[in-house]
Amino acid sequence: MKQIITIQVGQSGNQIGNAIWNQMMDDCGEKLDEKFFRKGIPRTILVDNEENTLDKIRGNKNLSYYDPNNFVCGKSAKCLTFASGYYGQNDLFDEIVERVRKEQEQCDGIQAVQLIHSINGGTGSGIGAKLVYYTSDNFCDCSKINISIYPSKYENSVIYPYNCLLGLMHLNYNYNMGFYFDNDALQQMTENMFIYDQNYETYNQLLAFAMDGIYKSFRHNSYSNTNFYKIQTNITPFPKLHCYTVSLAPLFSYINSPSLLQVSKEIYSKRNQTFSMSLSQGLFLAQQIMVYGDTDVFSVQQEFKQTLTSDEVQFVRWIADPITYTVCPVKQKQCDLMAFSINHHTAIGNKLNLLQQQYRTLFQKKAYLHLFLQDGLDELELQEAESACGDVISEYCCYNDYTDTTDE
Ligand SMILES: Nc1nc2c(ncn2[C@@H]2O[C@H](COP(=O)(O)OP(=O)(O)OP(=O)(O)O)[C@@H](O)[C@H]2O)c(=O)[nH]1
Ligand SMILES: [Mg+2]
């Protein structure tokens, strides 16, 4: 059996990672999956440049969950810029690499390496990018996955467009699958669920629930069982495009026995998206749907097909079967029937476009550039990052046209 190694970086990476492990443990009970755990310990390395977050994780009841040697923590203040994370922190980085190697030695084989972080934080984007390089060089034959927090509408940092574009460039060049979440969508979803306790913990629980819903399909040996390789193949028609979002249904735990049709309608609803973008402003390139409950692929296909007749949900026409379904007879605790979906949709190009514009506004004035240059960045790298982002945007735009029948 091949295993999955996780590296969680920065404040959000560690808090989200912690929520994911809690969720998985809660879900698995005694039988922790060896793909993700070794002898009950998550196969993860916890990295941060400052101590607060890791101390909090160390201090809570989960200490026994983690390998204490896998906490790698710097002593400095915040990284703040991508450049200080990417060009500085060499001692810290050596330590991280050592821990990743040790974790690798304890695996029979590696199925995937996943990085959890935010692309706007200095540590998450900078140290994250350095790890992206390291892992793509040293884990050649496995999937490289990122679970990334995307900037929200209300960021309280002014330099985040630089951090994001630089971070995204490395991910786009080197990684295979990126799952993007944003706090605006997570906030909206929790409000829709009548949870008024708005904080990162609540958002992280929801995010962890969504990711666990995806992992679960290959944790259980079921009919049409899937794994990272299969998912990657199905939802990645073009190698440069691998930005995915996740939706889940039903949202309300009081609907205990929803019908397949209800679930299928919700999965495409704006309210059920963990990333704030409009599915009506573009086309699905591909989609992987995982259904949990007492049903079968045939019924799922039939019911979902009915929803697909709506004008709001459009797929490119040149892929015969853009949706892959996985059905798992294991029920979620919350609900008899649940669905999780990985969406590959061209509207993410619009979000990247917005980010690129925010970047340009700063870069035209060379505002805050000195912070990056003093930490060792060359201005040309920022230009390269912008052009890399532009390439991805134009490729998503290319497939945005429903009337395109050239390849049919
Ligand atoms: N969902 C979620 N978002 C978070 C969490 N913590 C921070 N964020 C968001 O992540 C972004 C900032 O990233 P951080 O992870 O705090 O930054 P970092 O990687 O530690 O980098 P530094 O700037 O060096 O501290 C902001 O958009 C925050 O709103 C969290 O626990 N959950
Ligand atoms: Mg931080």
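Below or above, wherever it landed, is the structure these notes cover. Note that the structure is a prediction, hence the values are computed from the model and not measured.

### A closer look at helix α9 (residues 228-235)
Here is step 1 of the chain: All of the buried residues along α9 are F228, I231, N234 and I235. With its buried residues spanning 135° around the axis, α9 presents them on a single face.
Here is step 2 of the chain: Among the structural elements, β6 (110-118), β7 (143-150), β9 (243-249), β10 (284-292), β11 (323-328) and β12 (338-345) are those in contact with the buried residues of α9.

### Notes on helix α5 (residues 122-138)
Here is step 1 of the chain: When the terminal C-alpha atoms of α5 are compared, their 24 Å separation across 17 residues agrees well with the 24 Å that a helix rising 1.5 Å per residue should span.
Here is step 2 of the chain: Within α5, the axis deviates most sharply at G128, by approximately 25°.
Here is step 3 of the chain: In terms of burial, α5 is largely enclosed, as twelve of its 17 residues are buried.
Here is step 4 of the chain: When we look at burial in α5, the residues that qualify are G122, T123, G124, S125, G126, I127, G128, A129, K130, L131, V132 and T135.

### A few points about the sheet that holds β10
Here is step 1 of the chain: On the basis of which strands lie adjacent, the open sheet formed by ten strands has the order β5-β4-β1-β6-β7-β8-β9-β12-β10-β11 and mixed pairing. The open sheet has two free edges, formed respectively by β5 (71-73) and β11, since each of these has just one partner strand. Mean inter-strand twist for the sheet, computed between neighbouring axes without regard to direction, equals 20°.
Here is step 2 of the chain: For β7 and strand β8 (residues 177-182), the ladder comprises six bridges, and the chain directions are parallel. Note that in β8 the partner of N146 across the bridge is G178.
Here is step 3 of the chain: Where helix α8 (residues 200-219) meets the sheet, it contacts β7, β8, β9, β10, β11 and β12, and its direction lies at approximately 95° from that of β12.
Here is step 4 of the chain: Most of the contacts of helix α11 (residues 297-307) go to β11, to which it runs at about 135°, and overall it touches β10 and β11.

### Things to note about the packing of helix α6 (residues 160-174) against helix α12 (residues 348-364)
Here is step 1 of the chain: Contact geometry of α6 with α12 gives a least axis separation of 9 Å together with a crossing angle of 125°. Judged on the interaxial angle alone, α12 and α6 are oblique. In the crossing of α6 with α12, the sense of the turn from one axis to the other is left-handed. Contacts between α6 and α12 involve P161, Y162, C164 and L165 from the former and L355, Q358, Y359 and L362 from the latter.
Here is step 2 of the chain: Looking at the contact of α6 with α12, its residues break down into seven nonpolar, one polar and no charged.

### Focus on the packing of helix α7 (residues 183-192) against α8
Here is step 1 of the chain: The interhelical angle for the contact between α7 and α8, taken along N-to-C directions, is 90°, at an axis separation of 9 Å. Taken together, the axis directions place α7 and α8 in an arrangement best described as roughly perpendicular. Side by side, α7 and α8 meet where N183, L186, Q187, M189 and T190 of the first sit next to T202, Y203, L206 and L207 of the second.
Here is step 2 of the chain: Grouping the constituent residues of the contact of α7 with α8 by class yields five nonpolar, four polar and no charged.

### Section: the environment of Q89
Here is step 1 of the chain: Within the secondary structure, Q89 sits in the loop between α3 (82-87) and α4 (90-105).
Here is step 2 of the chain: Sequence separation of Q89 and I7 is 82 residues, and the distance between their C-alpha atoms is 16 Å.
Here is step 3 of the chain: Dropping the residues within four chain positions of it, Q89 is found in contact with N49, G74 and I127.

### Description of the pairing of β7
Here is step 1 of the chain: By the criterion of burial, β7 is predominantly enclosed, with seven of the eight residues buried.
Here is step 2 of the chain: Bridge count for β6 against β7 is seven bridges, and the pairing is parallel. Along β7, the bridge assignment pairs L115 with N146.
Here is step 3 of the chain: Regarding the hand of the β-α-β motif, the stretch spanning β7, α6 and β8 is right-handed.

### Side note on the nonpolar core
Here is step 1 of the chain: Among the nonpolar cores identified, the biggest contains 114 residues, and L165, L207 and A339 are the most heavily contacted of them.
Here is step 2 of the chain: Of the residues forming this core, the biggest block, ten residues, is contributed by α8.
Here is step 3 of the chain: Each residue touching L165, except ones within four places of it in the same chain, is listed here: L355, Y359, A385, E386 and C389.

### Topic: the pairing of β8
Here is step 1 of the chain: Within β8, six of the six residues are buried, leaving the element largely enclosed by the surrounding structure.
Here is step 2 of the chain: Side-chain alternation along β8 places M177, F179 and F181 on one buried face and G178, Y180 and D182 on a second face that is also buried.
Here is step 3 of the chain: Where β8 lies against β9, two bridges are found, and the strand directions are parallel. Across the sheet, the residue bridging to F179 is Y244, located in β9.

### Topic: the environment of D197
Here is step 1 of the chain: Topologically, D197 is positioned in the loop between α7 and α8.
Here is step 2 of the chain: Since 7 C-beta atoms lie within 10 Å of it, D197 is described here as exposed.
Here is step 3 of the chain: In this structure the C-alpha to C-alpha distance between D197 and F363, which are 166 residues apart in sequence, comes to 37 Å.

Definitions and cut-offs
- Residues numbered from 1 in each chain as written.
- Chains lettered and ligands numbered in written order.
- Predicted model: local features only at pLDDT ≥ 70, side-chain atom pairs only at ≥ 80, totals over all residues.
- Buried ≥ 20, exposed ≤ 12 C-beta atoms within 10 Å, placed from the backbone.
- Helix = DSSP H or I, 4+ residues; strand = E, 2+ residues; numbered from the N terminus.
- Arc of directions from axis to C-beta.
- Contact = placed C-beta atoms within 7 Å.
- Expected span 1.5 Å × (residues − 1).
- Bend = angle between axes of the 7 residues up to and from the residue.
- Pairing = 2+ DSSP bridges.
- Axes fitted to C-alpha atoms, helices over the stretch in contact; angles between N-to-C directions.
- Parallel < 35°, antiparallel > 145°, perpendicular 65-115°, else oblique.
- Left-handed = near helix turned anticlockwise from the far one by under 90°.
- Nonpolar A, V, L, I, M, F, W, Y, C, P; charged D, E, K, R; others polar.
- Right-handed = clockwise from strand over helix to strand, strands pointing away.
- Core = buried A, V, L, I, M, F, W, Y, C linked by C-beta atoms within 7 Å.

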